[in-house]
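# Working through the structure, step by step
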Amino acid sequence: FEEMQAAKDVMVDEVAYNAAIFAFGVGKQPLRALEMLIRMQQHNLKMDRTSFNTVISACAKDPKHWSLALDCLNAMINDVGILPDIRTYNTLISAPSIPKDEVMRLWKEIDARGLKKDVFTYTAAFKADIPETEEDAIGIFRSIESPDAICVNALLDYLARRGQWESSLSLIEKISLS
């Protein structure tokens, strides 16, 4: 990457940096992805929601660096003035490394920001144990416009982990009848 910057005939722009951020994220190198984001800022290049979401995703997936994902979210909002979208929150609440209290705070923040939850949000909610009770989980499920099989399975898993296998069976019967 440094060689590209040193070459006079190669333009290193936002697209190149975002590609590098993505590559480091896929390569499970969250610190390198974060370094690219910082370099973008140092070179006065425009960081966008995609830049931040990609770094947030890379950091959130790494058990050692999940807190950097939250730091990046804060910098995105407070330092750069970019508002997170539902994908930002879906990435964070679905990350197994992020502690439950942070996931609950993020869940509430989705509503506070007026963002529309989607099937990915609800699937992540069931996997992260966001509903407090079986009734809460069923209520959330009923509010979903078009739940897919993954979301249904996440709800069934949520219920089963709580010993609510009867509810799971009842739900399966209701779904199969409709």
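Residues numbered from 1 in each chain as written. Predicted model: local features only at pLDDT ≥ 70, side-chain atom pairs only at ≥ 80, totals over all residues. Heavy atoms only, no water.

## Observations regarding the packing of helix α9 (residues 134-143) against helix α10 (residues 149-161)
Operational definition: All axes are obtained by fitting lines to C-alpha atoms, using only the stretch in contact for helices, and the reported angles, taken between N-to-C directions, cover 0 to 180 degrees. Think of it this way: any DSSP run of H or I at least four residues long counts as a helix, any run of E at least two long counts as a strand, and we number them from the N terminus. Between 65 and 115 degrees an angle is taken as roughly perpendicular, under 35 as roughly parallel, over 145 as roughly antiparallel, and anywhere else as oblique. We call two residues contacting when some pair of their heavy atoms lies within 4.5 Å. Amino acids are sorted into nonpolar (Ala, Val, Leu, Ile, Met, Phe, Trp, Tyr, Cys and Pro), charged (Asp, Glu, Lys and Arg) and polar (every other residue, Gly among them).
Relative to each other, α9 and α10 sit at 175°, their axes nearing to 10 Å. Compared by their axis directions, α9 and α10 come out roughly antiparallel. Mapping the contact onto sequence places Glu134, Ala137, Ile138 and Phe141 in α9 and Val152, Leu155, Tyr158 and Leu159 in α10. When grouped by side-chain class, the residues that make up the contact of α9 with α10 number seven nonpolar, no polar and one charged.

## Details of the layout of surface pockets
Going by this rule: Of the two site types, the cavity is a set of points on a 1 Å grid over the protein atoms alone where a 1.4 Å probe fits but cannot get out, and the pocket is an open set with protein on both sides within 12 Å along at least five of seven lines, each lined by residues with an atom within 4 Å of a point. Grid points are joined across faces, edges and corners, and a volume is the space filled by probe spheres set on the points.
Empty space within the largest pocket amounts to approximately 240 Å³. Lining the largest pocket, in full, are Phe22, Gly25, Val26, Lys28, Pro30, Asn53, Thr54, Ser57, Ala58, Lys61, Asp62 and Thr91. Counting only elements with at least two residues in the lining of the largest pocket, the list comes to α2 (14-26) and α4 (49-60). The leading source of residues in the lining of the largest pocket is α4, at four residues. Computed from the structure, the second largest pocket encloses a volume of approximately 180 Å³. Residue lining of the second largest pocket: Leu34, Leu37, Ile38, Gln41, Met47, Phe52, Leu68, Asp71, Cys72, Ala75, Asp79 and Val80, and that is the complete set. Those elements that provide at least two residues to the lining of the second largest pocket are α3 (30-42) and α5 (66-79).

## Details of the packing of aromatic side chains
Rules: Side-chain rings of Phe, Tyr and Trp, where Trp is taken by its six-membered ring, are said to pair if the distance between their centres is within 6.5 Å; with planes under 30 degrees apart they count as stacked, over 60 as edge-to-face, and otherwise as tilted. Buried, partly exposed and exposed residues are distinguished by accessible area as a fraction of the type maximum, computed with a 1.4 Å probe on protein chains only: under 20%, between the cut-offs, and over 50%, respectively. We count a charge as sitting over a ring when the NZ of a lysine or the CZ of an arginine lies within 6 Å of the ring centre and within 35 degrees of the ring normal.
Across all of its chains, the model carries two aromatic pairs by this definition. Here the aromatic rings of Trp107 and Tyr122 are separated by 6.3 Å at their centres, their planes lie at 70°, and the arrangement is edge-to-face. You can see Trp107 sitting in helix α7 (residues 100-112) and its partner Tyr122 sitting in helix α8 (residues 119-127), a full 15 residues away along the chain. Using a relative accessible area of 10% as the deciding quantity, one classes Trp107 as buried. Pairing Phe126 with Tyr158 gives two aromatic rings, centres 6.2 Å apart and planes at 50°, and the pair type is tilted. With Phe126 in helix α8 and Tyr158 in helix α10, this residue pair connects regions lying 32 residues apart in the sequence. Note on Phe126: relative accessible area 0%, which makes it buried. Tyr158 gets classed as buried once you look at its relative accessible area, which sits at 0%. Over the ring of Trp107 we find Lys117; its NZ or CZ atom is 3.8 Å from the centre of that ring. Over the face of the ring belonging to Tyr158 we find Arg162, whose NZ or CZ atom lies 3.7 Å from the ring centre.

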